[in-house]
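One-letter residues, chain by chain:
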Amino acid sequence: MKKIACIIAVFFASYVSASGNDIDSSTTTAYDESNIIHFAVSEAPPMMSKDLPEGGFLPKVFSKALALEGYRATYDFFPSKRAQTLVQRGDYEAYAAGNKNKFNDNHFYYSMPIGKAELVVFHLKEKPFHWKTYEDFEGLIIANFYNTKALNEKFIEAADTHNFFLSQATSFQTGLKQLLSGKVDIYITFKAMGLHAINTMFPKDQRDKITYHPKPLSFMNHYVLFHKREGAQRKIDIFNSGMRKMVQSGEYKTMIEEAFPFTVKDDISSKAIEDMK
């Protein structure tokens, strides 16, 4: 499998904070709390991480978009579930990044789409796996990362009907280790994040054992989730306006291509950009 630098995703836990990652989107504007957005961000490299320059690709994009509107952002990094919980209870204004589902509908406002991710099935090459319908998953032990909320709702319902077991992995690396050890039959996660984990966290002899099924389980738009508070809609409008300017100018597409020259651009960025226009 080629080593691929990949994008997007998201993604739900003990508490680890990287406070102090206050990344200014401008050095000339005088800011107060009314034109700052405080983000709780998932640790999800290569998209977002306290260990990446400027917090990773998405924080860099968000900061540039907000600077176009005279705003800036601060970012603190947490495990995904913790980050989303902190925004849900109002400790932070915005969470990056989540998908639309019934739970999020009840607890958050959504930004415009910021990207699209492909959910796929990883398996060992020595154990070929092919699927056309959910019946093909019957009897399997399945690891997934992010949260079952990220899975197609019909797939979750099918778990009971077709007798397959869903087990949540605590990290991208854990799910792949379970797959390599034979503890699970397949591993469902976002294509870009799975490929990134395979190519950065495992030696070549282990990388070469893993592949994925070409048929996506689903495609998902991702959004910034905003806490339902007074004034939130104004900041959502500001965020969306800056993002649209970057899309319409071509800067967003250029940033994707510069950051991820070998990525799955056809799977993600083109669809995301079309949704964002």
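Heads up: these notes are all about the structure in this document.

### Some details on the packing of helix α5 (residues 172-181) against helix α6 (residues 191-201)
So, step 1. In contact at an axis separation of 10 Å, α5 and α6 are set at 75° when each is read in the N-to-C sense. By the angle class used here, α5 and α6 are roughly perpendicular. In this structure, α5 contributes Phe 172, Gln 173 and Leu 176 to the contact, and α6 contributes Met 193, Gly 194, Ala 197, Ile 198 and Met 201.
So, step 2. Partitioning the contact of α5 with α6 into residue classes produces six nonpolar, two polar and no charged.

### Observations concerning the packing of helix α1 (residues 57-67) against helix α8 (residues 232-249)
Each pair of packed helices can be summarised by the angle the axes make with each other and by the distance between the axes.
So, step 1. For the pair α1 and α8, the least separation of the axes is 8 Å and the interaxial angle reads 100°. Considering the angle they form, α1 stands roughly perpendicular to α8. Facing α1, whose interface residues are Val 61, Phe 62, Lys 64, Ala 65 and Leu 66, α8 presents Ile 238, Phe 239, Gly 242, Met 243 and Met 246.
So, step 2. Partitioned by chemical class, the residues of the contact of α1 with α8 number eight nonpolar, one polar and one charged.

### Things to note about the side chain of Lys 116
So, step 1. Within the element layout of this structure, Lys 116 appears in strand β4 (residues 108-124).
So, step 2. Only 3.1 Å separates the side chain of Lys 116 from the side chain of Asn 221, close enough to count as a polar contact.

### Quick look at the pattern of salt bridges
So, step 1. Here the structure, examined in full by the defined rule, presents eight salt bridges.
So, step 2. Measuring nitrogen to oxygen at the nearest pair gives 3.7 Å for the salt bridge that ties Glu 43 to Lys 50.
So, step 3. In this structure Lys 50 comes out as partly exposed when scored by relative accessible area, which is 36%.
So, step 4. Of the charged contacts in the structure, one is a salt bridge between Glu 251 and Lys 64, with a shortest N-O distance of 3.5 Å. In this pair, Glu 251 is assigned in helix α9 (residues 251-259) and Lys 64 in helix α1, connecting sequence segments 187 residues apart.
So, step 5. Here the residues in one salt-bridge network are Glu 43, Lys 50 and Asp 51, joined through shared partners.

### A look at α6
So, step 1. Counting buried positions over the 11 residues of α6 gives nine, a clear majority of the element.
So, step 2. All buried positions along α6 are accounted for by Lys 191, Ala 192, Met 193, Gly 194, Leu 195, His 196, Ala 197, Ile 198 and Asn 199.
So, step 3. For α6, the secondary structure elements touched by its buried residues are β4, α5, β7 (186-190), α7 (204-207) and β8 (210-212).

### Here we look at helix α2 (residues 80-88)
So, step 1. Of the positions making up α2, those classed as buried are Ser 80, Ala 83, Gln 84, Leu 86 and Val 87. Buried residues of α2, seen end-on, are gathered within an arc of 160° and therefore sit on one face of the element.
So, step 2. Elements in contact with the buried residues of α2: β1 (36-42), β2 (72-78), β3 (94-98), α3 (102-107), β4 and β9 (218-227).

### Notes on the nonpolar core
So, step 1. Membership of the largest hydrophobic core comes to 67 residues, with the highest contact counts inside it found for Phe 39, Phe 62, Phe 137, Ile 142, Tyr 187, Phe 239 and Met 243.
So, step 2. With eight residues, the top contributor of residues to this core is β4.
So, step 3. Every residue in contact with Phe 239, bar those within four places of it in the chain, is listed here: Phe 39, Phe 62, Leu 66, Ser 111, Ile 114, Val 224 and Phe 226.
So, step 4. If you look at the next biggest cluster of nonpolar residues, it comprises 11 residues, including Phe 78, Ala 83, Leu 86 and Val 87.

### Considering the packing of aromatic side chains
So, step 1. Applying the stated criterion across every chain, the model contains 12 aromatic pairs.
So, step 2. A centroid spacing of 5.5 Å and a plane angle of 20° characterise the contact between Phe 39 and Phe 62, whose relative ring orientation is stacked. On the criterion of sequence distance, the pair formed by Phe 39 in strand β1 and Phe 62 in helix α1 is long-range, its members being 23 residues apart. Assigned by exposure class, Phe 39 and Phe 62 land together as buried.

### What about the pairing of β9?
For a regular strand, side-chain orientation follows a simple rule: the groups alternate between the two sheet faces.
So, step 1. By the criterion of burial, β9 is predominantly enclosed, with eight of the 10 residues buried.
So, step 2. Relative to β9, β3 runs antiparallel, the two sharing four bridges. Paired with Ala 94 across the strands is Phe 226, a residue of β9.
So, step 3. Where β4 and β9 come together, nine bridges link them in antiparallel fashion. The residue bridging Glu 118 from the neighbouring strand is Phe 219, located in β9.

Cut-offs used in this document
Residues numbered from 1 in each chain as written. Predicted model: local features only at pLDDT ≥ 70, side-chain atom pairs only at ≥ 80, totals over all residues. Heavy atoms only, no water. Axes fitted to C-alpha atoms, helices over the stretch in contact; angles between N-to-C directions. Helix = DSSP H or I, 4+ residues; strand = E, 2+ residues; numbered from the N terminus. Parallel < 35°, antiparallel > 145°, perpendicular 65-115°, else oblique. Contact = heavy atoms within 4.5 Å. Nonpolar A, V, L, I, M, F, W, Y, C, P; charged D, E, K, R; others polar. Polar contact = N/O pair within 3.5 Å; in protein donor to acceptor, adjacent residues only side chain to side chain. Salt bridge = Lys/Arg side-chain N within 4 Å of Asp/Glu carboxyl O. Buried < 20%, exposed > 50% of the residue type's maximum accessible area, 1.4 Å probe, protein only. Arc of directions from axis to C-beta. Core = buried A, V, L, I, M, F, W, Y, C linked by side-chain atoms within 4.5 Å. Phe/Tyr/Trp six-rings, centres within 6.5 Å; stacked < 30°, edge-to-face > 60°. Pairing = 2+ DSSP bridges.

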